[in-house]
Amino acid sequence: MSERPPIAIEPLPYQSRLAPRQPGELTLLVIHCTETPDLATARALGERILYPESGTGASGHYYIDRDGRIAQWVDPLRVAHHVRGHNARSLGIELVNRGRFPEWFRSDRQEMTEPYPESQIEALIALVALLRRRFPALRQVAGHDQLDREWVPASDDPARRVRRRLDPGPLFPWGRLIAATGLERLATAPRPLSRR
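Predicted model only: the values in this text are computed from it and were never measured.

**Focus: the nonpolar core**
The biggest cluster of nonpolar side chains holds 27 residues, and the ones touching the most others in it are L29, I31, I93, L124, F172 and L177. Counting residues per element, the ones that place at least two in this core are β2 (28–33), β3 (62–64), β5 (90–95), α2 (118–134) and α4 (174–181). At 7 residues, α2 tops the list of elements feeding residues into this core. When residues no more than four places from it in sequence are discounted, the contact partners of L177 are I31, L124, I125, V128, V141, F172 and G182.

**Some thoughts on the sheet that holds strand β6 (residues 140–143)**
As summarised here, the arrangement of the 7 strands in space is β1-β4-β3-β5-β2-β6-β9, forming an open sheet in which the pairing is mixed. Two strands in the sheet have a free side with no partner beyond their single neighbour: β1 (7–9) and β9 (184–185). Note: β3 against β5, 3 bridges, orientation parallel. The partner of I64 across the bridge, within β5, is L95.

**Some points on the layout of surface pockets**
Within this model, the largest pocket holds a volume of roughly 710 Å³. If you trace the largest pocket, you find 27 residues lining it, with L45, L50, A58, R164 and R165 closest to the centre. Residue assignment for the lining of the largest pocket shows that the elements contributing at least two residues are β2 and α1 (39–47). Across the lining of the largest pocket, the residue classes break down as 10 nonpolar, 10 polar and 7 charged.

**A word on unusual backbone geometry**
Backbone torsion omega between F101 and P102 reads 5°, so that peptide bond is classified as cis. Its location among the elements puts P102 in the loop between β5 and α2. The omega torsion across D167 and P168 is 15°, close enough to zero to call that bond cis. Inspection of the secondary structure puts P168 in the loop between β8 (161–163) and α4.

Conventions and cut-offs
- Residues numbered from 1 in each chain as written.
- Predicted model: local features only at pLDDT ≥ 70, side-chain atom pairs only at ≥ 80, totals over all residues.
- Heavy atoms only, no water.
- Core = buried A, V, L, I, M, F, W, Y, C linked by side-chain atoms within 4.5 Å.
- Buried < 20%, exposed > 50% of the residue type's maximum accessible area, 1.4 Å probe, protein only.
- Helix = DSSP H or I, 4+ residues; strand = E, 2+ residues; numbered from the N terminus.
- Contact = heavy atoms within 4.5 Å.
- Pairing = 2+ DSSP bridges.
- 1 Å grid on protein atoms, 1.4 Å probe; cavity = no way out; pocket = protein on both sides within 12 Å on 5 of 7 lines; lining within 4 Å.
- Points joined across faces, edges and corners; volume = space filled by probe spheres on them.
- Nonpolar A, V, L, I, M, F, W, Y, C, P; charged D, E, K, R; others polar.

Scope: geometric values only; no functional claims are made or implied.
Shown next as structure tokens:
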């Protein structure tokens, strides 16, 4: 992959309604997976209006398909809604991956087993290198699961609870990303293994 990966600029319809910010405010990169079967399904979810007061929805800034193609859906100088409590200072990168799709909260389907293809990880590393050059204050990285630690009722048994977010999941190559980009993994307290 080249030093400057090709990026398709495909703004979400509500991008201009998202709050602006300054480059120096970007200190954290958050890695997500779409938990959808494909990029088209992720786009349909991203275009949904979830916050009527602002006319915006939830999405990452960048999306990387399995073949390594990169799309920018939200300008990095806009605050996207991708992780509760950390949006103002972070950039969200979404990797297309099934995750727990289609039953995200079913108690017996919490395994995330789809591996991340080599082309997708190479594209991620190239994108992070580009972003670090553009935003020098960007020094930390976290998984969505580290920052959204909420437990919710299981869809098949409301008496049981499951994690709301598990992405990017156990197959994401953290060591490789850190070694290749020089980012520091954000430290968080260990999470409990389960809640009933």
